[in-house]
Amino acid sequence: MDWAAWGGTVGIRLNRNTLGSMGISIADSPGKLPANSARLTDGLNVRQAHNSELFGIREGSSIQFRAESGSFVGFLNGSLQSRGGYNLSLQEGGSIPLVDFRLRPDPGNAMRLDVVSGDGKVWFYIDKLMYDLVNGNRVLAIYTADMRVSRALAERVGHPELIDAPAGDMEILTQVTRQGGGGVRGTTPSPSHYHGEQVVGQPAGVVYQADLFMQGISVSRVNSSNVTGPGGSGKVVFAPNSTLRNNVNAGSAATTISGQGSAGTSSALWTAWIPWHTKFSGNFPPYGNDQHPFLIWNLYRVNADGSIEQIGRSGVKHAWLTTNQGCAPGEDFDSQVLGRSCSDTYGTGNNDANEDLSFRSEIIPATNQWGRCHSLFDPGCVGNNTNPNPSDDGFVRRMVVNEAQISNTVNPGASYLFDSWYLARQDINIYNSMATITGTPTFSGGNWTFAGQANYRLGSVTDRWVENLPAGTVAQSSELAVGEGHAKVAVRVTNLGNGQWRYHYAVHNLDFARAQTAGSEPNLDVLSNKGFNQFRMPLPVGVNVIANKFSDGDLVSANDWTFSSAGGQLTWAAPAGASLDWGTLYLFSVTTDSPPKSGSAVITVAQAGTPSTFDIPVLMPAPDVIFKHGFE
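Reading guide: rules and limits
Residues numbered from 1 in each chain as written. Predicted model: local features only at pLDDT ≥ 70, side-chain atom pairs only at ≥ 80, totals over all residues. Heavy atoms only, no water. Pairing = 2+ DSSP bridges. Helix = DSSP H or I, 4+ residues; strand = E, 2+ residues; numbered from the N terminus. Phe/Tyr/Trp six-rings, centres within 6.5 Å; stacked < 30°, edge-to-face > 60°. Lys NZ or Arg CZ within 6 Å of the ring centre and 35° of its normal. Axes fitted to C-alpha atoms, helices over the stretch in contact; angles between N-to-C directions. Buried < 20%, exposed > 50% of the residue type's maximum accessible area, 1.4 Å probe, protein only. Core = buried A, V, L, I, M, F, W, Y, C linked by side-chain atoms within 4.5 Å. Disulfide = S-S within 2.5 Å. Salt bridge = Lys/Arg side-chain N within 4 Å of Asp/Glu carboxyl O. Contact = heavy atoms within 4.5 Å. pLDDT = per-residue confidence, 0-100.

## Some words on the pairing of strand E34 (residues 532-538)
Successive residues of a regular strand alternate their side chains across the two faces of the sheet.
And then number 1: As paired strands, E34 and strand E39 (residues 596-605) are joined by four bridges and run antiparallel to one another. Paired with phenylalanine 535 across the two strands is isoleucine 603, which belongs to E39.
And then number 2: In the sheet, E34 pairs with strand E37 (residues 569-573) via five bridges, with the strands oriented antiparallel. Bridge pairing in E37 places proline 538 opposite glutamine 569.

Rendered as structure tokens:
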């Protein structure tokens, strides 16, 4: 038997910036409830949306849905109708009435609801649902869902480039009026399958291992300020829709992510569960805390001269629930644990949610430990979320780029890469939980988009950068892998002719940090998590430096690293407070009159400790003795 629900509340957080760029404004919102109105999840210790406008849901009609193993699996028919809504004014003089709108299942997609006005037109739709059945299966909670622009709306306002663009997010909390089949949650397998635990029935030492994969990425513009196009200097914010999947292996190797060659198959033959607990929700196995993955994303520009710059960096997204889709049998037993083969998608609005974004400085990335004590959400270190809705202007802790950084006129011949990375504790392979796509920042109709998204690829952006090289260019990528984390140093060397060679070094701190901490989990305090503050290599006698360049990807010169060719060394050194920290790539370029040879560069750790430096193989300038003597 099917399930049914009605009543409750719908919370909407419209992106007024996106609507304004389409010539849409909110005339009024009749029926809007007070911000502190009761919700069906009050007192349940589950996530509630902040800064949403609440409307009641009528009890005159219901929506039908299905459940399996105690979890919502899709809508069927019927609808939910709001009490109130919005009157939208159009710049061209018309209006769209969204008062008493209905949420109606899409006939072709059981995980999507159309937002329908009284005249039956679909102006928005919601997808990328994060959901659970709570309070003894008496409440269907759609904690968040992306609210997107329909084709009808985009065409009505003359912005076809914004079809499917995120325009906000929505929370739906509705009362279950009929419980059908599939309401019993699967029992948690015993013994547990966390990382490092013995596999029953296997020889001693055969254990479960954590190996989380990134399955897919798409990118949307979510905010902007004072944008005018390729010649402008306004700010643009991009955020991803990121889908992950847990390893599928259960004793033998099988492909988890197709189309990725060996990168899509885990070396872990026994899949570990990944804990996925909402921050401050309690202390749980296996770490005795509220462990959950973290997500970051970045934008890179590959310039016409072959150099790469990281021009945008996000804050840290705290994951808080998994919908466990497509799990292996018996592995969907808890929305706070990602089981074997389970996948989950964090939508654009979810990843841009202010209440889940904090700073990279709070994380020890190699161990995936969060210093929640004195964090953004617990500034007083009391062990609770005392700052659940931090002050926000839509740009802080987001991936912000300046128009000049993505302009095709300012940067002719450039191409772009976007990456997204889930960090999970004790993950045995960080490279298959990160991935890149290509795309082109495009300005049309007063809006920036990341157009032509394609070429999905697991792995680090630096490894991708040294592939498919143009003629006259050689490259090398080397890895630092130590207990404190990983880094990549990649170099592309181009023969410019006339006895000159240009060296582009990309130093990519993936998850290296020499952390300084106080206390212990669950109330760990991360005092510092600095990375590197110097990059250098020998400059042989007789080699002349013709030009040099540094880029940390921002447009602030005060924090640029300084360059020196004195003392027989090529040296770039950071000013105070400008270390190369985790999740960050800096560019170091030098042009000399010497061709490359194999050598070794040195990166210096910003925090005192042992070792203080690391040597990494690179291509570096070497005297061209034959050339110097005039021979060919």
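Further notes follow.
## Remarks on the packing of aromatic side chains
And then number 1: One pass over the structure, following the stated rule, counts 30 aromatic pairs.
And then number 2: Aromatic rings pair up to connect Tyr503, Tyr505, Phe535, Phe550, Trp561, Phe563, Trp572, Tyr586 and Phe588 into one cluster.
And then number 3: When the ring centre of tyrosine 125 is taken as reference, the NZ or CZ atom of arginine 112 above it lies at 3.6 Å.
And then number 4: In this structure, lysine 488 is placed above the aromatic ring of tyrosine 431, and the distance from its NZ or CZ to the ring centre is 4.9 Å.

## Describing the sheet that holds strand E29 (residues 473-482)
Strand pairing in a sheet relies on backbone hydrogen bonds, with the paired strands running either antiparallel or parallel.
And then number 1: The five strands are arranged E29-E30-E31-E38-E35 in an open sheet whose pairing can be described as antiparallel. Edge positions in the sheet fall to E29 and strand E35 (545-551), since each of these pairs with one other strand and no more. Geometrically, the sheet is characterised by an average inter-axis angle of 15° between neighbouring strands, direction not taken into account.
And then number 2: Bridge count between E35 and strand E38 (residues 584-592): six bridges; the pairing is antiparallel. Counted as the bridge partner of valine 545 is threonine 592 from E38.

## Section: the sheet that holds strand E2 (residues 24-28)
And then number 1: Strand order in this open sheet of three strands is E2-E7-E8, and the pairing throughout is antiparallel. Strands with a single pairing partner mark the edges of an open sheet, and in this sheet they are E2 and strand E8 (95-99). Each strand axis lies, on average, 25° off the axis of its neighbour in the sheet, ignoring direction.

## Points about the pairing of strand E13 (residues 166-178)
And then number 1: Counting buried residues in E13 gives 10 out of 13 residues, a clear majority hidden from the surface.
And then number 2: Inspection of the sheet shows strand E1 (residues 3-14) paired to E13 by nine bridges, in the antiparallel sense. Residue threonine 9 lies in a different strand from E13, and its bridge partner there is leucine 173.
And then number 3: As defined by bridge partners, strand E12 (residues 139-149) adjoins E13 across eight bridges and the pair is classed as antiparallel. Bridging from a neighbouring strand, leucine 140 pairs with threonine 174 of E13.

## Structural notes on the nonpolar core
And then number 1: Core analysis: the biggest nonpolar cluster contains 48 residues, and Phe238, Trp276, Leu299, Ile406, Phe418 and Phe450 have the highest contact counts within it.
And then number 2: Broken down by element, this core gets its largest block of residues, six residues, from strand E14 (residues 212-225).
And then number 3: Within the second largest apolar cluster, 46 residues are counted, among which are Phe55, Phe75, Ile126 and Leu153.

## Thoughts on the state of the cysteines
Two cysteines form a disulfide when their sulfur atoms are joined by a covalent bond.
And then number 1: All told, the structure shown has two disulfides when counted by the stated rule.
And then number 2: Two residues share a disulfide in this structure: cysteine 327 and cysteine 342, whose sulfurs sit 2.0 Å from each other. Around the S-S axis, the bridge from cysteine 327 to cysteine 342 shows a dihedral of about 125° and counts as right-handed. Separated by 15 residues along the polypeptide, cysteine 327 in the loop between strand E19 (316-318) and strand E20 (337-338) and cysteine 342 in the loop between E20 and strand E21 (343-346) bring together distant segments of the chain.
And then number 3: Cysteine 327 sits in the partly exposed class, given a relative accessible area of 21%.

## Examining the pattern of salt bridges
Charged atoms that come close allow side chains of opposite charge to pair.
And then number 1: Under the definition given, this model contains 30 salt bridges.
And then number 2: Glutamate 53 is the salt-bridge partner of lysine 32, the closest N and O atoms lying 3.4 Å from each other. Within this pair, whereas lysine 32 is found in the loop between E2 and strand E3 (53-57), its partner glutamate 53 is found in strand E3, the two being separated by 21 residues in sequence.
And then number 3: Taking relative accessible area as the criterion, lysine 32 reaches 42% and is therefore assigned partly exposed.
And then number 4: We classify glutamate 53 as buried; its relative accessible area is 14%.

## Focus on the side chain of glutamine 291
And then number 1: As for its position among the elements, glutamine 291 is in the loop between strand E16 (274-275) and strand E17 (294-302).
And then number 2: Overall, the relative accessible area of 5% leaves glutamine 291 in the buried class.
And then number 3: With residues up to four places along the chain from it excluded, the contact list for glutamine 291 reads Pro275, Trp276, His277, Asn368, Arg425 and Glu521.

## Considerations on the confidence of the model for the protein
And then number 1: Predicted confidence across the protein gives a mean pLDDT of 96, with 99% of residues reaching 70 or more.
And then number 2: The model gives residues 626-632 a pLDDT under 50, and that stretch makes six contacts with residues more than four places away or in other chains.

## Topic: the environment of methionine 399
And then number 1: Examined against the element boundaries, methionine 399 turns out to sit in strand E25 (residues 399-402).
And then number 2: The spatial distance from the C-alpha of methionine 399 to the C-alpha of valine 222 is 9.9 Å, given a sequence separation of 177 residues.
And then number 3: When near neighbours in sequence (up to four residues on either side) are disregarded, methionine 399 contacts Val236, Val237, Phe238, Trp297, Asn298, Leu299, Gly312, Arg313, Ser314 and Phe418.

## Re the environment of arginine 156
And then number 1: Locating arginine 156 in the fold gives a position in helix H2 (residues 151-156).
And then number 2: The residues touching arginine 156, leaving out its near neighbours within four places in the chain, are Leu90, Glu92, Gly94, Ser95, Ile96 and Trp123.

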